[in-house]
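Listed here are the chains, written in short residue letters.
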Amino acid sequence: MKKNLKNLKKIFLPTCLAFLFFSSCSTENEAINDTEINAIYAKTSSKSDYVVLLKNESIPDGFETEMESLGATVKSMIPEIGVAIISSTETISSKIATKAKVRSVVPDFNVQWIDPELYPEASPLSIGSDEPFFDYLWGMDAIDAPEAWNTGQTGSGVRVAVLDSGIDAEHPDISPNLNTSLSASFIDGEDWNVADGFYFNHGTHVAGTIAAADNEIGVIGVAPNAEIVAVKVLSEFSGSGPFSSINAGIVYAALIDADVINMSLGATFNKNGFITLEDGSVTKVPAKYISEIRHAQQRAIDFAYKNGTTIVVSAGNGGANFDGNGSTTKLPASLNNVISVSATAPYSWAEDPTTDLDVPASYTDYGKSHVTVSAPGGDFDSPSSFWYYDMVLSTIPGGWSWSAGTSMASPHVAGVAALIIGKNGGDISPHEVTKQLTGTADKIDGNGVSAYHGKGRVNAYRAVTE
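From a predicted model like this one, the values you see are computed outputs, not experimental measurements.

Digging into the overall build of the protein chain
Here's step 1: Along its length, the protein chain carries 13 helices and 21 strands.
Here's step 2: For the protein chain, with 466 residues in total, the buried portion stands at 60%.
Here's step 3: For the protein chain, the accessible area works out to roughly 17,200 Å², and carbon and sulfur atoms hold 48% of it.

This is how it looks when you write it as structure tokens:
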């Protein structure tokens, strides 16, 4: 291990560290600004875009014609959950809200779902052993992924939809498992396949942890034979996206029979209606907006869940305790029928590979009512000169790099979910997948439910053998 670390520092860092320091949330040992992490950025650049939530989970006949007669234009519809996106004025939208079949009309806020500040030989021989950077995937060791692969479980036949900021379709570790015909973008003016170059892309990093191929190149994912579908719901340039795009992406993933959805994204809202706008200013919106935004997204989640899709999401990076915190809501992690994942990390792993791999990450949101399970997400709080080795190594456009966050923890769990589904030949409900994940998770903190680990840190080997 020491020899391999030396080789990686010598060969890999010159091409990767330039990005790492450019994109990391802090310089070495610099504290993260909690206000920046917790900020919710919403904008109304499309001031005329509104979400119409119907009372029934369907779109009535003549709806589009009726909207046009009122002076509104229907931009898109999600009939499966009774949601339409219209272009309108505030006056017209208020009139629409009074219609008998309409539950509510809410501005289609564009929200920062990915925190831009956070981008930056213990295992047995296995199919991953011939991947050049395998020895640096401490997260695979933490969840016993190699042991799971040695049972023959690799996620074959399982489809995972990555709802994120797009994916690099040409990446050699990604392309073997990427379904390009089903991949789609719900962000206006952006293709699901991200721009060429060597830089950090959130969706590509997430996808690599889920299902980077077993091909003797770079890294390997938790489910290296699973199929990936890129569903772009966030801008690759800003990490933001409207609620309508995310909800549409959830429904789309269910309609293409995705077995798993991974959403390494989240925004925190104050239920009384205060939100922080993109420019950092705080504004008050009707509290009903927040409840209706939550209701619409819960509809989308429920649609996917009822259609057999397991939904894995990141718990959040604000370091907040959500137990007893009734004034705030985290979307989508606070919703029903999702698996909310907190982050764990080692401390100075490069200097001591035997160190504890299950330390709660310094930034992770937590709470017994909030976290389902924990998984490797990495951290950056070590005083070591090689603190970045405590982060998660995965794919980026043009190469590989480290990052940390609950965004990196969620795909570890999505990959284990794919292993469970693959073992069961695809014939297993989201409820049973969740039950298997939680029932086989390692109890890191006590024998019951832990604030930081939920029902335990996920264990891939136990998940496919018990």
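Okay, back to it.
What about the confidence of the model for the protein chain?
Here's step 1: Per-residue confidence for the protein chain averages 87 on the pLDDT scale, and 86% of its residues sit at or above 70.
Here's step 2: Low pLDDT, under 50, characterises residues 1-47; the predicted model gives this stretch 100 contacts beyond four residues in sequence or across chains.

Focus on the side chain of Thr438
Here's step 1: Assignment of secondary structure puts Thr438 in helix 12 (residues 430-439).
Here's step 2: Among the polar contacts made by the side chain of Thr438, one reaches the main-chain carbonyl oxygen of Lys435 at a distance of 3.2 Å.
Here's step 3: With residues near it in sequence (within four places) discarded, Thr438 still touches Thr372, Val373 and Lys455.

Some words on the packing of helix 9 (residues 243-255) against helix 10 (residues 287-306)
Here's step 1: Where helix 9 contacts helix 10, the axes come no closer than 8 Å and their chain directions differ by 10 degrees. Viewed along their axes, helix 9 and helix 10 adopt a mutual orientation that is roughly parallel. The handedness of the crossing between helix 9 and helix 10 is left-handed. Packed against helix 9, whose contacting residues are Phe243, Ile246, Asn247, Ile250, Val251, Ala254 and Leu255, the element helix 10 presents Ile293, Ala296, Gln297, Ala300, Ile301, Phe303 and Ala304 at the interface.
Here's step 2: Considering only residue class, the contact of helix 9 with helix 10 consists of 12 nonpolar, two polar and no charged.

Section: helix 9
Here's step 1: Along its 13 residues, helix 9 runs 18 Å from first to last C-alpha, staying within 8% of the 18 Å computed at 1.5 Å per residue.
Here's step 2: Of all 13 residues in helix 9, 11 are buried; the element is thus mostly enclosed.
Here's step 3: Every buried residue belonging to helix 9 is among Phe243, Ser244, Ser245, Ile246, Asn247, Ala248, Gly249, Ile250, Val251, Ala253 and Ala254, and all of these are buried.
Here's step 4: Backbone geometry just downstream of helix 9 places Asp257 in the positive-phi region, at approximately 65 degrees.

Focus: the nonpolar core
Here's step 1: Among the nonpolar cores identified, the biggest contains 72 residues, and Ile167, Leu178, Val341, Leu393, Val413, Val416 and Leu437 are the most heavily contacted of them.
Here's step 2: If one sorts the elements of this core by residue count, helix 11 (residues 406-423) sits on top with 10 residues.
Here's step 3: Leaving out residues up to four positions away in the same chain, Val341 has contacts with Val312, Val313, Ser314, Ala315, Val373, Ser374, Ala375, Thr406, Ala409, Ser410 and Val413.
Here's step 4: Counting 45 residues, the second-largest nonpolar core is a separate cluster that includes Val106, Leu163, Ala258 and Phe269.

A word on unusual backbone geometry
Here's step 1: Following Leu331, the chain continues into Pro332 via a peptide bond in cis, with omega recorded as 5 degrees.
Here's step 2: Within the secondary structure, Pro332 is located in the loop between strand 16 (328-331) and strand 17 (339-345).
Here's step 3: Phi at Glu216 takes a positive value of approximately 60 degrees, unusual for a residue other than glycine.
Here's step 4: Counting through the fold element by element, Glu216 comes out in the loop between helix 8 (202-211) and strand 9 (227-232).
Here's step 5: One non-glycine residue, Asp257, adopts positive backbone phi at about 65 degrees.
Here's step 6: Here Asp257 shows up in the loop between helix 9 and strand 11 (260-263).

A closer look at the pattern of salt bridges
Here's step 1: Throughout the structure, instances matching the rule amount to 10 salt bridges.
Here's step 2: Close ionic contact of Glu236 with Lys232 constitutes a salt bridge, the shortest N to O distance being 2.5 Å. Neither residue differs from the other here; Glu236 and Lys232 are each classed as buried.
Here's step 3: For Arg462, the salt bridge is made with Glu466, and the minimal N-O distance between the two is 2.8 Å.
Here's step 4: Several salt bridges converge on common partners, so that one network encompasses Asp358, Asp442, Arg457, Arg462 and Glu466.

Notes on the packing of aromatic side chains
Here's step 1: The tally for this structure, following the rule as stated, stands at 15 aromatic pairs.
Here's step 2: With centroids separated by 4.3 Å and ring planes inclined at 20 degrees, the aromatic side chains of Tyr366 and Tyr452 adopt a geometry described as stacked. Of the two residues, Tyr366 sits in the loop between strand 18 (359-360) and strand 19 (373-376) while Tyr452 sits in the loop between helix 12 and helix 13 (460-465), which places them 86 residues apart along the sequence.
Here's step 3: On the basis of an interplanar angle of 75 degrees and a centroid distance of 5.6 Å, the ring pair of Trp387 and Tyr388 is categorised as edge-to-face.

Describing the side chain of Asp379
Here's step 1: Mapped onto the elements of the fold, Asp379 is located in the loop between strand 19 and strand 20 (392-396).
Here's step 2: Lacking a salt bridge, the buried Asp379 has Arg457 as its closest oppositely charged neighbour, with an N-O distance of 15 Å.
Here's step 3: For Asp379, the side chain forms a polar contact with the main-chain nitrogen of Ser362, separated by 2.6 Å.

Concerning the pairing of strand 21 (residues 399-403)
Here's step 1: Extensive coverage of strand 21 is indicated by the burial of five of its five residues.
Here's step 2: Of the two faces of strand 21, both are covered, the one formed by Gly399, Ser401 and Ser403 as well as the one formed by Trp400 and Trp402.
Here's step 3: Inspection of the sheet shows strand 20 paired to strand 21 by five bridges, in the antiparallel sense. Bridge assignment links Val392 to a residue of strand 21, and that residue is Ser403.

Quick notes on helix 11
Here's step 1: Compared with an ideal rise of 1.5 Å per residue, which puts 18 residues at 26 Å, helix 11 spans 26 Å between its outermost C-alpha atoms and is within 8% of the ideal.
Here's step 2: With respect to burial, helix 11 is a largely interior element, 16 of its 18 residues being buried.
Here's step 3: Of the residues flanking the end of helix 11, it is Gly425, one or two places downstream, whose phi is positive at about 65 degrees.

Some remarks on the sheet that holds strand 3 (residues 73-78)
Here's step 1: The antiparallel open sheet is built from four strands, whose spatial order is 3-4-2-5. Among the strands making up the open sheet, the edge pair consists of strand 3 and strand 5 (102-107). Along the sheet, successive strands turn relative to each other by an average axial angle of 25 degrees, direction set aside.
Here's step 2: Across the sheet, helix 10 is in contact with strand 2 (49-54) and strand 5; its angle to strand 5 comes to roughly 110 degrees.

The rules behind these values
- Residues numbered from 1 in each chain as written.
- Predicted model: local features only at pLDDT ≥ 70, side-chain atom pairs only at ≥ 80, totals over all residues.
- Heavy atoms only, no water.
- Helix = DSSP H or I, 4+ residues; strand = E, 2+ residues; numbered from the N terminus.
- Buried < 20%, exposed > 50% of the residue type's maximum accessible area, 1.4 Å probe, protein only.
- Areas by Shrake-Rupley, 256 points an atom, 1.4 Å probe, with all protein chains shown as cover.
- pLDDT = per-residue confidence, 0-100.
- Contact = heavy atoms within 4.5 Å.
- Polar contact = N/O pair within 3.5 Å; in protein donor to acceptor, adjacent residues only side chain to side chain.
- Axes fitted to C-alpha atoms, helices over the stretch in contact; angles between N-to-C directions.
- Parallel < 35°, antiparallel > 145°, perpendicular 65-115°, else oblique.
- Left-handed = near helix turned anticlockwise from the far one by under 90°.
- Nonpolar A, V, L, I, M, F, W, Y, C, P; charged D, E, K, R; others polar.
- Expected span 1.5 Å × (residues − 1).
- Core = buried A, V, L, I, M, F, W, Y, C linked by side-chain atoms within 4.5 Å.
- Salt bridge = Lys/Arg side-chain N within 4 Å of Asp/Glu carboxyl O.
- Phe/Tyr/Trp six-rings, centres within 6.5 Å; stacked < 30°, edge-to-face > 60°.
- Lys, Arg positive; Asp, Glu negative; His and termini not counted.
- Pairing = 2+ DSSP bridges.

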